[in-house]
Amino acid sequence: MTRHLAPLLAASLPIALPAHAQDYTVEVLQDNLDRPWALEFLPGTDRIALTLRGGDVMLWHPDGLVELSGAPDVVFGGQGGLLDIAAAPDFAQSGWLYMTWTGARDGGTTTHLGRARLDGMALRDLDVLQAVSPGIDSGAHFGSRIAFADGHVFAGFGDRGFKNFGPDHIAQDLGSENGSVIRLTLDGDIPADNPFAGQDGAAGAIWSYGHRNIQGMTVHPETGALWVAEHGEAGGDEVNVIERGGNYGWPLASHAVTYRGGNAFAPPHQPGDGFVAPVFHWPAGRDNHNPPSGMAFYTGDAFPDWQGHLLVGNLLHRYLALFDEDNGQITPVARLLENRNWRIRDVAVGPDDGFIYVLTDGEDGKLIRLRPAG
Ligand SMILES: [Ca+2]
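To start, this report covers the structure provided alongside it.

About the criteria used
Residues numbered from 1 in each chain as written. Predicted model: local features only at pLDDT ≥ 70, side-chain atom pairs only at ≥ 80, totals over all residues. Helix = DSSP H or I, 4+ residues; strand = E, 2+ residues; numbered from the N terminus. Rg over C-alpha atoms; globule rule 2.2 N^0.38 Å. Contact = placed C-beta atoms within 7 Å. Pairing = 2+ DSSP bridges. Axes fitted to C-alpha atoms, helices over the stretch in contact; angles between N-to-C directions. Core = buried A, V, L, I, M, F, W, Y, C linked by C-beta atoms within 7 Å. Buried ≥ 20, exposed ≤ 12 C-beta atoms within 10 Å, placed from the backbone.

Let's shift gears to the overall build of the protein chain. The number of helices and strands found in the protein chain is 2 helices and 24 strands. Since a compact globule built from 374 residues should have a radius of gyration of about 21 Å, the 19 Å found for the protein chain is in line with a globular shape. Here the C-alpha coordinates of the protein chain stretch approximately 55 × 50 × 35 Å along the principal axes. Residue pairs in contact within the protein chain that sit at least 24 positions apart in sequence constitute 57% of those at least 6 positions apart.

This is how it looks when you write it as structure tokens:
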């Protein structure tokens, strides 16, 4: 398995990012969104699908905002509810929208991955493809994000706040999809070439494991690699490039420290420890806690200086991080949308206009757009 040695370098970079020369203006396209979580452009249309964590799927376009019928029944509470939404690669023909949400299981709750067909203003044929096992009585760390790569659907989940920080931690348990990235066929079957398919006691859907709480996921536009962002505890938040069968370390290797006391959980990621190290991590410590959210590679023409750069939302410190990306390594370039007091929840690039679309968190969540100044 390939080792990523970059984080040791990345950790030494200053966390305060320089201002960037490319000017932009900010438009608020929609406000008063109740706890929005994800946005997704619907291919071939001028519409954006939005999820509200309380359980509504909305369609936005410049003339207004409408609620779709047929959304999944969700368990809303803690960090749970309706979470990610993603249009199938063949959406123009099939109408499939994939979603993740919190639902009941095993006397507790768990993250579900499912899909429904968009038909006018209705979602139809709702089908659950995966319900993470086991369900747990916790309101924390549901993940989750969805992406499509190599003809399959991937989803990243959280560890549900599991507190045994040793080798028996649930993120290290191949029998549970908690704290993993899964890979399924578009119809929800387990592919025979998944790394643990057919292995005794293992969940065949698992593609990678040892993740704490995946909150961002995107596909590199040139390499096709799956990239994720995940929360550390106090600091130690990570950007990872996903490898088949990789163990990403949580909680046996981590740059995070405890919320109380600032104690290390484990040795930091280091070469030779048997875990896949992040390509970037934020430093340890409560003041450095930079919980990432949605992420996207910039592929538009509107901001030519940012072509190929990586955008990663930030919740607690309220900015949109811009990274240069080169050969799988990333370097901080700028903090966009600073000093506006917006917790950034998700980001996407407009497929036609190349503008940057951002969803902010909270009970007065906003859909905003960045376009070049002038
Ligand atoms: Ca890790």
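Spatially, 4 strands are ordered E14-E15-E16-E17 in an open sheet, and the strand pairing comes out antiparallel. One side of each edge strand has no neighbouring strand; the edge strands of this open sheet are strand E14 (214-219) and strand E17 (280-281).

A few words on the environment of Leu126. Along the polypeptide, Leu126 turns up in strand E9 (residues 122-131). Through-space distance from the C-alpha of Leu126 to that of Ala253 is 39 Å; in sequence the pair is 127 residues apart. The contacts of Leu126, once residues within four sequence positions are left out, are Gly70, Pro72, Gly114 and Ala116.

Pairing is antiparallel in the open sheet, where 4 strands are placed in the order E10-E11-E12-E13. Two strands lie at the open edges of the sheet, namely strand E10 (145-149) and strand E13 (206-209), each paired on one side alone. Taken pair by pair, the neighbouring strands of this sheet meet at an average axis angle of 20°, ignoring direction. As defined by bridge partners, E10 adjoins strand E11 (residues 152-156) across 5 bridges and the pair is classed as antiparallel. Across the sheet, the residue bridging to Ile146 is Ala155, located in E11.

Attention shifts here to the pairing of strand E8 (residues 108-119). Of the pairings in the sheet, the one linking strand E7 (residues 96-105) to E8 comprises 10 bridges and is antiparallel in character. Bridge pairing in E8 places Trp96 opposite Arg117. Here E7 folds back onto E8 in antiparallel fashion, the turn holding 2 residues, of which Asp106 has a positive phi close to 55°. The sheet contact formed by E8 and E9 spans 7 bridges and is antiparallel.

Okay, the nonpolar core next. Judged by nonpolar contacts, the single largest core of 93 residues is most densely connected at Leu97, Leu311, Leu320, Val347 and Val358. In this view, Val347 contacts Gly294, Met295, Ala296, Leu311, Gly313, Leu320, Ile356, Tyr357 and Val358; residues no more than four positions away in its chain are not counted. Core analysis: the next-biggest nonpolar cluster, separate from the first, contains 5 residues, Ala234, Ala256, Phe265 and Ala284 among them.

Tracing the backbone through its elements, the reader meets Glu67 in strand E5 (residues 64-67). Residue class for Glu67 comes out exposed when judged on the 12 C-beta atoms lying within 10 Å of it. On a C-alpha basis, the gap between Glu67 and Ala334 in space is 35 Å, while along the polypeptide they are 267 residues apart. Apart from the residues within four sequence positions on either side, Glu67 is in contact with Asp56 and Met58.

These results come straight from atomic positions and should not be treated as a statement about function.
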